[in-house]
Amino acid sequence: MAAINSNDKAGIPGMDVEMFSVVAHRAVDMVTEYLMSIRSRPVFEPMQSAQRERLLRLELPSSGRSPDAILDLFREAILSHPMGNGHPRFFGWVNSPPAPIGIVAELLSAAMNPSCAGGDHAAIYLERAVVRWLAELVGFPLEPFGMGLLVSGGSMASLTCLAAARHYAATADGWNEREDGLQSRERPPLVLYLSEEGHGCMRKAAELLGIGSKWLRVVPTNSQIQMDVSALSELVKKDREAGYRPFCIAASAGTVNTGTIDPLHEIAALCREQNLWFHVDGAYGAFGVLDDGVAHMYRGLAEADSLALDPHKWLSVPVECGCALVRDGRVLRDTFSLVPPYLRTEEGKGFGGLPWFSEYGFQQTRGFRALKLWMVMEFAGRAGVQALVKRHNALAQRLTELIKEEPDLELLAPVTLSAVCFRYAPPTLRTDEVRLSALNKALMERVQARGETFVSGTTLRNRFALRACILHYDTTSDDLAALIKTIRDTGDQLVQAEVSKP
Ligand SMILES: Cc1ncc(COP(=O)(O)O)c(C=O)c1O
């Protein structure tokens, strides 16, 4: 049999280092051009059906293509149709642009490509450090037993935390949900509480964890769209009286729709009194605590048993980057670890140093998310992160003023952070809710397709609302003025078209 030597790379994704350098430089040039031209391009451009088909029907080439051909195809068919969140006039969802240094970090972390399950390599220690930075930034106590790990995003962070909450409750009641599952009908059902504005990932988590959405209590909100604590307390009481097992309250530090912060301090007190796990979904809003103007609303956050964060939202770390923080890391480890206690790595003992991350979450092989998070935070510093959050909140307040100045626009929710819900509602139409909702939905679709700016929509108290989320580091007051003009003009055109219909 012929020897196989290292020059024969057929079929292997290896590449000469010289060629790598040429390709990588071309990619960097392409990215630079893309970033430089963002403002001059449409925020979003719907794809033509032929363009969609071209991607959907891509065929695996029988033999590999050259890197140049691959980059050409990338530029032409893929880079030309972004989601829009790189543009400063994208206000669609809680999706930030990537911090440029985060783009660089993605290249560097892929070059190292470690698995961060655990071990004794730099990525592990860096993840410990940046998780601590996050906890310190938002004031979540990690001492003495706290633990955190990076996950794919806010949904996975809450799922991880709620798994720990479930384990904590089961253990307290003297059973082992890991072994028994939740199949037994002998035990009272576990009940989870969430406000009507809580994120859908909590429902998914309840279903996946075997709690069942039937046992998810949707707590009404008060006039400020915050979780109504007296209604919550009443629900807990009723569930106890019925013989059920309340186990966790999931509050929001910045709801996805309106950026509302639940009364964390009061909820923390109720959790203490009722011995319930206090989870806070801070995926979007927890970093808002850095804005002195709203910091007081986060009182109680530090009492949470667990906190979900999403650096890929407000911090502009390229997706995916979420973080689950748990006050008592021992519970988290007991929830996920498959390593018997007598074999576990303990700090300072044996080879491999720290306990493995894979004992604290669902993933075994884990990406090097810490590098992009570290680079973005190292580049911004605490002051930079704080300035970003304050800037966005100030812009949201500016947008609120602009809306209030326009007689044909109506604000639909109090503005706490950087999300603003409003609608086009000329005074003559304000009594016709059905028509207004249909009008605003049509308006949103038209605005999205026009490409000048981008807003999304949501439903608030049965009313369709336009929703502008300000998360781009380059957005300015002029961009907000342009947004208002586009909304008003498009609304006027739609009403005009309705009136002139035969
Ligand atoms: C408040 C809140 N929680 C959870 C999530 C889910 O986070 P992810 O999409 O990163 O999984 C979001 C996403 O927008 C959110 O805004």
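On a predicted model such as this, the values are computed, not experimentally measured, just so you know. (Residues numbered from 1 in each chain as written. Predicted model: local features only at pLDDT ≥ 70, side-chain atom pairs only at ≥ 80, totals over all residues. Heavy atoms only, no water.)

## Section: the overall build of the chain
Here is step 1 of the chain: Each helix and strand in the chain was counted, giving 14 helices and 11 strands.
Here is step 2 of the chain: Since a compact globule built from 502 residues should have a radius of gyration of about 23 Å, the 25 Å found for the chain is in line with a globular shape.
Here is step 3 of the chain: In terms of overall dimensions, the chain has C-alpha extents of about 80 × 75 × 45 Å along its principal axes.
Here is step 4 of the chain: Within the span of the chain, comprising 502 residues, buried residues form 49% of the whole.
Here is step 5 of the chain: Within the chain, contacts between residues at least 6 apart in sequence are counted, and of these 72% link residues at least 24 apart.
Here is step 6 of the chain: Carbon and sulfur atoms form 56% of the exposed surface of the chain, whose accessible area is close to 24300 Å².
Here is step 7 of the chain: For the chain, the centre of its 52 positive side-chain charges and the centre of its 59 negative side-chain charges are spaced 3 Å apart. (Helix = DSSP H or I, 4+ residues; strand = E, 2+ residues; numbered from the N terminus. Rg over C-alpha atoms; globule rule 2.2 N^0.38 Å. Buried < 20%, exposed > 50% of the residue type's maximum accessible area, 1.4 Å probe, protein only. Contact = heavy atoms within 4.5 Å. Areas by Shrake-Rupley, 256 points an atom, 1.4 Å probe, with all protein chains shown as cover. Lys, Arg positive; Asp, Glu negative; His and termini not counted. Charge placed at Lys NZ, Arg CZ, Asp CG, Glu CD.)

## So, the environment of Ile4
Here is step 1 of the chain: Tracing the sequence through the fold places Ile4 in the segment before α1 (17–37).
Here is step 2 of the chain: Taking the C-alpha atoms as reference, Ile4 lies 33 Å from Gln364; in sequence the two are 360 residues apart.

## Remarks on the domain arrangement of the chain
Here is step 1 of the chain: Under the domain assignment, the chain is made up of domain 1 (17–83), domain 2 (114–367) and domain 3 (378–499).
Here is step 2 of the chain: Computed from C-alpha atoms alone, the centre-to-centre distance between domain 1 and domain 2 is 38 Å. (Domains from an automatic or database assignment.)

## Notes on the sheet that holds strand β8 (residues 409–411)
Strand pairs in the sheet, formed through backbone hydrogen bonds, run parallel or antiparallel to each other.
Here is step 1 of the chain: Taken in spatial order, the 4 strands make up an open sheet running β8-β9-β11-β10, and their pairing is antiparallel. Since the sheet does not close on itself, it has two edges, and those belong to β8 and β10 (456–460), each with one partner. Between one strand axis and the next, the sheet turns through 45° on average, direction left out of account. (Pairing = 2+ DSSP bridges. Axes fitted to C-alpha atoms, helices over the stretch in contact; angles between N-to-C directions.)

## As for the sheet that holds strand β2 (residues 190–195)
Here is step 1 of the chain: Pairing is mixed in the open sheet, where 7 strands are placed in the order β1-β7-β6-β5-β4-β2-β3. Two strands lie at the open edges of the sheet, namely β1 (147–151) and β3 (216–219), each paired on one side alone. Pairwise comparison of adjacent strand axes, ignoring direction, gives a mean angle of 20° for this sheet.
Here is step 2 of the chain: Bridge count for strand β6 (residues 306–309) against strand β7 (residues 322–326) is 4 bridges, and the pairing is antiparallel. From the neighbouring strand, Leu309 faces β7, where its bridge partner is Cys323.
Here is step 3 of the chain: In this fold helix α11 (residues 329–336) packs onto β1, β5 (277–282) and β7, with an angle of close to 55° to the strand it touches most, β1.

## Considering the pattern of salt bridges
Here is step 1 of the chain: Enumeration over the complete set of coordinates arrives at 30 salt bridges.
Here is step 2 of the chain: Of the charged contacts in the structure, one is a salt bridge between Glu498 and Arg435, with a shortest N-O distance of 2.6 Å. Taken as a pair, Glu498 in helix α14 (residues 477–499) and Arg435 in helix α13 (residues 433–450) lie far apart in primary sequence, 63 residues in all.
Here is step 3 of the chain: In the salt-bridge network here, residues are joined through shared partners; they are Glu406, Lys485, Arg488 and Asp489. (Salt bridge = Lys/Arg side-chain N within 4 Å of Asp/Glu carboxyl O.)

## Quick word on the packing of aromatic side chains
Here is step 1 of the chain: Scanning the model with the defined rule gives 7 aromatic pairs in all.
Here is step 2 of the chain: Relative to Phe454, the ring of Phe44 has its centre 5.5 Å away and its plane inclined at 85°; by these criteria the two rings are edge-to-face. Placement of the pair is Phe44 in the loop between α1 and α2 (49–56) and Phe454 in the loop between α13 and β10, with a sequence separation of 410 residues.
Here is step 3 of the chain: Judged by centre distance (5.3 Å) and plane angle (55°), the ring pair of Trp93 and Phe454 falls under tilted. Linking Trp93 in the loop between α3 (67–78) and α4 (100–112) with Phe454 in the loop between α13 and β10, this pair joins segments that are 361 residues apart in sequence.
Here is step 4 of the chain: Residue Trp93 is classed as partly exposed on the basis of its relative accessible area, which comes to 34%.
Here is step 5 of the chain: Three or more aromatic residues joined by ring pairs make a cluster, and in this case those are Phe44, Phe90, Trp93 and Phe454.
Here is step 6 of the chain: Residue placement shows Arg128 over the ring face of Phe357; its charged tip is 5.4 Å from the ring centre. (Phe/Tyr/Trp six-rings, centres within 6.5 Å; stacked < 30°, edge-to-face > 60°. Lys NZ or Arg CZ within 6 Å of the ring centre and 35° of its normal.)

## Let's talk about the layout of surface pockets
Here is step 1 of the chain: Empty space within the largest pocket amounts to approximately 790 Å³.
Here is step 2 of the chain: Listed by contribution, the elements that provide at least two residues to the lining of the largest pocket are α1, α3 and α4.
Here is step 3 of the chain: Sort the elements by how many residues they give to the lining of the largest pocket and α1 lands first, with 10 residues. (1 Å grid on protein atoms, 1.4 Å probe; cavity = no way out; pocket = protein on both sides within 12 Å on 5 of 7 lines; lining within 4 Å. Points joined across faces, edges and corners; volume = space filled by probe spheres on them.)

## Looking at helix α9 (residues 229–241)
Here is step 1 of the chain: Between its first and last C-alpha atoms α9 spans 18 Å; for 13 residues at 1.5 Å apiece the expected length is 18 Å, and the two agree.
Here is step 2 of the chain: Taken residue by residue, α9 has Val229, Ala231, Leu232, Val236 and Asp239 as its buried positions. Seen end-on, α9 carries its buried residues on one side only, within an arc spanning 160°. Away from the buried face of α9 by more than 90 degrees, exposed residues Ser230, Lys238 and Glu241 are located. (Expected span 1.5 Å × (residues − 1). Arc of directions from axis to C-beta.)

## Some remarks on the pairing of strand β11 (residues 463–469)
Here is step 1 of the chain: Most of β11 sits inside the fold, with 6 of its 7 residues counted as buried.
Here is step 2 of the chain: Across 4 bridges, strand β9 (residues 419–424) lies against β11 in antiparallel orientation. If you follow Phe422 over to β11, its bridge partner there is Leu466.
Here is step 3 of the chain: Remark: 2 residues form the turn of the hairpin made by β10 and β11, two consecutive strands paired antiparallel; Arg461 in that turn has positive phi of roughly 45°.

## A few points about the site of the ligand
Here is step 1 of the chain: Around the ligand lies a shell of 13 residues, among which Gly154, Ser155, Asp281, Asp310 and His312 are the nearest.
Here is step 2 of the chain: Contact between the ligand and Asp310: an oxygen atom at 2.6 Å from a side-chain N or O atom of the residue.
Here is step 3 of the chain: When the ligand is considered free in solution it has 390 Å² of accessible area, and contact with the protein chains removes 84% of it. (Near = heavy atom within 4 Å. Polar contact = N/O pair within 3.5 Å; in protein donor to acceptor, adjacent residues only side chain to side chain.)

## Let's talk about the packing of α4 against helix α12 (residues 369–405)
Here is step 1 of the chain: Orientation of α4 relative to α12, taken along the N-to-C sense of each, is 145°, at an axis distance of 8 Å. Note that α4 runs across α12; the crossing there is right-handed. Of the residues in α12, those touching α4 at Ile101, Gly102, Ala105, Glu106, Leu108 and Ser109 are Leu371, Lys372, Met375, Val376 and Phe379. (Left-handed = near helix turned anticlockwise from the far one by under 90°.)

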